[in-house]
Structures are given as C-alpha cells and as structure tokens.
Amino acid sequence: MDTQFTETDFDRRLGDALRQHASRHTAPPRLRRNIAAFLRVQRQEFPPERAGLLERLMRRLVPLGAGFAAASVVGIGALHYQARLGDDELLGQQIVSARIRTSMPTLPPAATDARTLRAWLSDQLSFSPAVAELSSDGYRLAAGRLEHVLGRAVASIQYSRDGHLVNVLACPLRDGGSARSFHRDGFNVVGWTDSQLQYWAVSDIDPRELSEFAVSFRRAAGQS
Amino acid sequence: MDAAYNLARWLCGNNEDAQDIVQEAYMRALRFSSSFRDGEPRAWLLAIVRNTYYTEYRRRRSAMSVSFDEDLHAIDSANPPPTMGAIAADPERTLSRMQDARLLQRALEQIAPEFREALVLREVEDLSYKEMASVLGVPIGTVMSRLSRARRMLLARFESLGGEREYARQSSVIYFEDANGGAPNSERKLR
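None of these values were measured; they are calculated from a predicted model.

## What about the overall build of chain A?
Stage number 1. For chain A, the helix and strand inventory stands at eight helices and seven strands.
Stage number 2. Nonlocal contacts in chain A, meaning residues at least 24 apart in sequence, comprise 54% of its contacts between residues at least 6 apart.
Stage number 3. Per element, the accessible surface of chain A, about 11500 Å² overall, is 52% carbon and sulfur.

## Notes on the nonpolar core
Stage number 1. Ranked by size, the top nonpolar core spans 62 residues in total, and within it Val 22, Val 49, Leu 108, Leu 119, Leu 121, Met 132 and Leu 154 of chain B carry the most contacts.
Stage number 2. Both domains that meet at this core, namely domain 1 (1-63) and domain 2 (91-191) of chain B, each give it at least three residues.
Stage number 3. Residues contacting Met 132 of chain B, with those up to four places away along its chain left out, are Ala 118, Leu 121, Arg 122, Leu 127, Gly 137, Val 143 and Leu 147 of chain B.
Stage number 4. Listed in part, the 35 residues of the second largest apolar core include Ala 114, Ala 132, Ile 157 and Ile 205 of chain A.

## Re the confidence of the model for chain B
Residue and element names in this part refer to chain B.
Stage number 1. On average, residues of chain B score 73 in pLDDT, and 63% of them reach the 70 mark or higher.
Stage number 2. For the stretch residues 63-78, pLDDT sits under 50, and the model shows 17 contacts to residues farther than four places along the chain or on other chains.
Stage number 3. Counting contacts from residues 166-191, a segment whose pLDDT is below 50, to residues more than four positions away or on other chains yields 43 contacts.
Stage number 4. Among the prediction metrics, the complex's ipTM stands at 0.70, with pTM recorded as 0.51.

## Things to note about helix α1 (residues 2-12) of chain B
Residue and element names in this part refer to chain B.
Stage number 1. Among the 11 residues of α1, 10 are classified as buried, and the element is accordingly described as predominantly covered.
Stage number 2. Those residues of α1 lying buried are Asp 2, Ala 3, Ala 4, Tyr 5, Asn 6, Leu 7, Ala 8, Trp 10, Leu 11 and Cys 12.
Stage number 3. Positive phi appears at Gly 13, one or two residues downstream of α1, with a value of about 85 degrees.

## A short note on the environment of Asp 194 of chain A
Residue and element names in this part refer to chain A.
Stage number 1. Note that Asp 194 resides in the loop between β6 (187-193) and β7 (197-203).
Stage number 2. Owing to a relative accessible area of 24%, Asp 194 belongs among the partly exposed residues under this scheme.
Stage number 3. Sequence spacing of Asp 194 and Arg 218 is 24 residues, and the spatial spacing of their C-alpha atoms is 9.0 Å.
Stage number 4. If we skip the residues at most four places from it in the chain, Asp 194 touches Leu 173, Tyr 199 and Gln 223.

## Concerning helix α1 (residues 9-21) of chain A
Residues and elements named next belong to chain A.
Stage number 1. When the terminal C-alpha atoms of α1 are compared, their 18 Å separation across 13 residues agrees well with the 18 Å that a helix rising 1.5 Å per residue should span.
Stage number 2. Where α1 is concerned, the buried positions are Phe 10, Asp 11, Leu 14, Gly 15, Ala 17, Leu 18 and His 21. For α1, the angular spread of the buried residues around the axis is 160 degrees, confining them to a single face.

## A word on the pattern of salt bridges
Residues and elements named next belong to chain B.
Stage number 1. Scanning all chains against the criterion turns up 16 salt bridges over all chains.
Stage number 2. A salt bridge links Glu 24 to Arg 28; the shortest N-O distance between them is 3.2 Å. In this pair, Glu 24 and Arg 28 are both assigned in helix α2 (residues 15-31), four residues apart and thus about one turn of the helix distant.
Stage number 3. Relative accessible area serves as the criterion here: at 23%, Glu 24 is assigned to the partly exposed category.
Stage number 4. On the accessibility criterion, Arg 28 (14% relative accessible area) is buried.
Stage number 5. Notably, a salt bridge pairs Arg 151 with Glu 123, separated by 3.2 Å at the nearest N-O pair. Of this pair, Arg 151 sits in helix α10 (residues 140-171) while Glu 123 sits in helix α8 (residues 113-124), and the two are 28 residues apart along the sequence. The pair Arg 151 / Glu 123 is uniform in exposure class, with both members buried.

## Focus on the packing of α8 of chain B against helix α9 (residues 129-136) of chain B
All names here are of chain B.
Stage number 1. Look at α8 against α9: their axes get within 10 Å of each other, and the N-to-C directions meet at 140 degrees. In terms of orientation, α8 lies oblique with respect to α9. Remark: the crossing between α8 and α9 carries right-handed chirality. Touching Glu 117, Ala 118, Leu 121 and Arg 122 of α8 are Tyr 129, Met 132, Val 135 and Leu 136, all from α9.
Stage number 2. Along the lines of polarity and charge, the residues of the contact of α8 with α9 split into six nonpolar, no polar and two charged.

Basis of the calculations
- Residue positions are counted from 1 within each chain, in the order its sequence is given.
- Chain A is the first chain written and ligand 1 is the first ligand written, with later ones labelled in order.
- Local features in a predicted model are, by the rule used here, given only for residues with pLDDT of at least 70; side-chain atom pairs are given and counted only at 80 or more, and totals for whole chains, interfaces and linings are based on all residues.
- Hydrogens and water are ignored here; the side-chain numbers use all heavy atoms of the structure.
- The helix and strand labels rest on DSSP assignments: H or I over at least four residues marks a helix, E over at least two residues marks a strand, and numbering proceeds from the N terminus.
- In this analysis, two residues are considered to be in contact whenever any of their non-hydrogen atoms come within 4.5 Å of each other.
- Note on areas: these come from Shrake-Rupley sampling with a 1.4 Å probe, and a residue is covered only by the protein chains present in the view.
- Nonpolar cores are built from buried Ala, Val, Leu, Ile, Met, Phe, Trp, Tyr and Cys residues. Side-chain atoms within 4.5 Å join them into one set.
- Think of it in three bands: residues with accessible area under 20% of the maximum for their type are buried, residues over 50% are exposed, and the middle band is partly exposed, with areas taken using a 1.4 Å probe on protein chains only.
- Residue ranges for the domains originate in an automatic or database domain assignment.
- Here pLDDT means the predictor's own confidence in every residue, given as a number from 0 to 100.
- Helices are assigned an expected span. That span is 1.5 Å times one less than the residue count.
- Our arc is simply the arc of the directions from the helix axis toward the C-beta atoms.
- For salt bridges, the criterion is a side-chain nitrogen of Lys or Arg within 4 Å of an Asp or Glu carboxyl oxygen.
- Axis geometry follows a simple rule: fit a line to the C-alpha atoms, using only the stretch in contact for helices, then measure angles between N-to-C directions, giving values from 0 to 180 degrees.
- If an angle is under 35 degrees, it is roughly parallel; if it is over 145, roughly antiparallel; if it lies from 65 to 115, roughly perpendicular; otherwise it is oblique.
- Should the near helix be turned anticlockwise from the far one by less than a right angle, the crossing is termed left-handed; should it be turned clockwise, right-handed.
- Side-chain classes are defined by residue name, with Ala, Val, Leu, Ile, Met, Phe, Trp, Tyr, Cys and Pro counting as nonpolar, Asp, Glu, Lys and Arg as charged, and the others, Gly among them, as polar.

Laid out in structure tokens, this is it:
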C-alpha cells in the first residue's frame, strides 16, 4: 500500500472539521414513504427464492417507523406511491397492466359456482379469496378471473343482477388495509377487510345497493 | 436510507434530484438484487446510488464535463498530489478558519464529484477504506490516493473562497449573498 497517502494529523483534523460542519442530509419523509410503498409492492412480486434476501435488505435499508405507517393511508399502499408518479408514468403502468390483464386466466362462466370458483382462484394465486353464494339476493356468479393491478395479481369475482355487474376484487391485506368507500369515473367502490385480505366491490349500481351487496357478501362468506 | 440520500444530495446538489436518484437506486437495487452476495448492504446500495447518479444524471451536465474530466485525469496520473505547503502556507491558521461551517460546506460543494463523494463517504458517512473501495469500485490504494487528492482539492477551494471573502469584506462587495452565491462552479439544478 502506498504510504504517501496515509492520513496525517492535518488530514484527521480536516476530517473532524468536515464531520462537524458538513451537512449530513437526512432523507425527507416523502422519500421514505415512497420507497416504503414501493418495496411493499415489490415484496408481493418477488420470486420466493429471493424473498428472504429482499426482507433482509429491507430491514437494513428502510428504517421502520413513520414512513411505513404513513404509506398505508390508501387502500393499497402502493396507491400512495402511484400518486407520486408523473402522469406519463402512471399511464404507462396502466397500459401495461391492461395488456397483461388480457393474458390473465379467466374461468368460463359455465363453470361458476362459489366452491369451484374459490378452488380455481386459490390454485392461481398465493391466497384464497372468499367467494360468496348470493343467488338468494339476486346476484348470480358470472365469472372469475385474475386481474393485474399495480403490478400485482388480484382475484376478481364477477356477479350480475338485472344487467348490472358487480366485481369483487381481493388481494392480500397490508398494513391494516382500508375500508374506504368512494366514487370514481361513474363507479362506486366499497372496501372492506377480513383478517388476511382486502376486498373491494366495484360497480355502477348506486352506493346504497352496493353497500347492501357488500354486507350480504360478508355475511355469506362468514366475514361478519 | 439516510446514507443513500446524503450521498445523492451531495452529488447532485439539490433536494429534488437527490430524491429521484435514491428512488431510482432502490428500483435498481431490487432489479439487480441477485448481484448482492454477502457483505454490507449499505455499501452495495451506496454503490448503486452512485452509479445511478453517474449514468442517469451527470450526462445532462455537459457544461461541467470539461473541468471534471481534467480533474478525473489527475486521479490516475502518476503525479504526486500538491504538497500542503503549496496550498496552505499556514496549516494551523487554515484549520482554525475551517471552523467557518458555511465556507467549508461551500468548498466541498464546489470540488469535482469524484472527490466530493470520497470525502462525504469517508468523513461524513464514516466508511472504512474497504467499504469505500467497494462503493467506488476501485482498489483500496486508489481510495487512499483519491482521498488524499480530495483533501488537497478541498483545501485549495477553501483557500480561494476564503480569499474571495477577504476581498469581499474589504471592498464591500457582497459575494455570498446573491442568488448564485457568487461561486463560479456552484451547482446548477439539473432540470
């Protein structure tokens, strides 16, 4: 090793001055939130053989705390991250999602009873969503399929009544999830959770009817 | 994450770009997570932050590239670094003046990124030579020579800034209060 570069006393004192006076910038809360949300999405997608590595890295690289908690205010934590993406990026992501969705498996309507559909979804996914039998409420099971939302596979269960469709989307719960209900682009959304999964019912039927649907679904699925 | 942000912030000189760099670096880190074997995840992430900065951001800054390349060339040249005496005639006086935080900070901001990052990693983040070698992707000997050179660069910059300030004081010209800080190499926002 080249001895001409060993630290002198002057170097050490210069180092002290830098330690004392040069800023150590700390990551802003917004950045922490974004990265925590991003990693949460990734955790779902990671190949199992490398999941352990990701966990290890996350433990070391993401300080748990305010950032993690704050990122879960929206139903899927990733929505928070999404909200920070530029419009172009978001559109790009949606377009790719739409393309992937067309190649996701669908269960033909003819094969749909609640038990078959649930077994089929469980085979396709790493979780087992509830599928409620609601024909006594007038909702017929129409189809089951996998959706692609924010980079994740999501179960989709479709019911129909009087020409209106109600989709129930389900994916694993994260950070407490959310039971938010909202209205967007002509659709009403009612959200709820059970101990493991987050559910949303999405439909163009009116909010009151959709809430009743959600109550029926939860009751029939033994969730309430 | 603070170490990653601190490095990015010192490299690019502003908050917004630093956040973009760190976010991009985390994405890359996951994409290339198979390249992480064992060892220190912090050094691994810092190396990715650094690569993200150099590949994604610095190429936008062609205006700075000429002086930078000259500096970089000097890194690997066989010339010994300038001696202390050539820069600071009175090291004790210089050290005492280095307690001027604002001036020291400004001097560090103005030296070339390769030297700036070396000082930030060593003195602010407290990395070992070995960790630095892994982050910078160079042998330990090069880390040491680069640090040595970085210290001289910082001193030279500090001295010249100090001189400007002395002059400013004497002539009542306020160099450090205008929008650009009156510094010829002050960091520009990337976009």
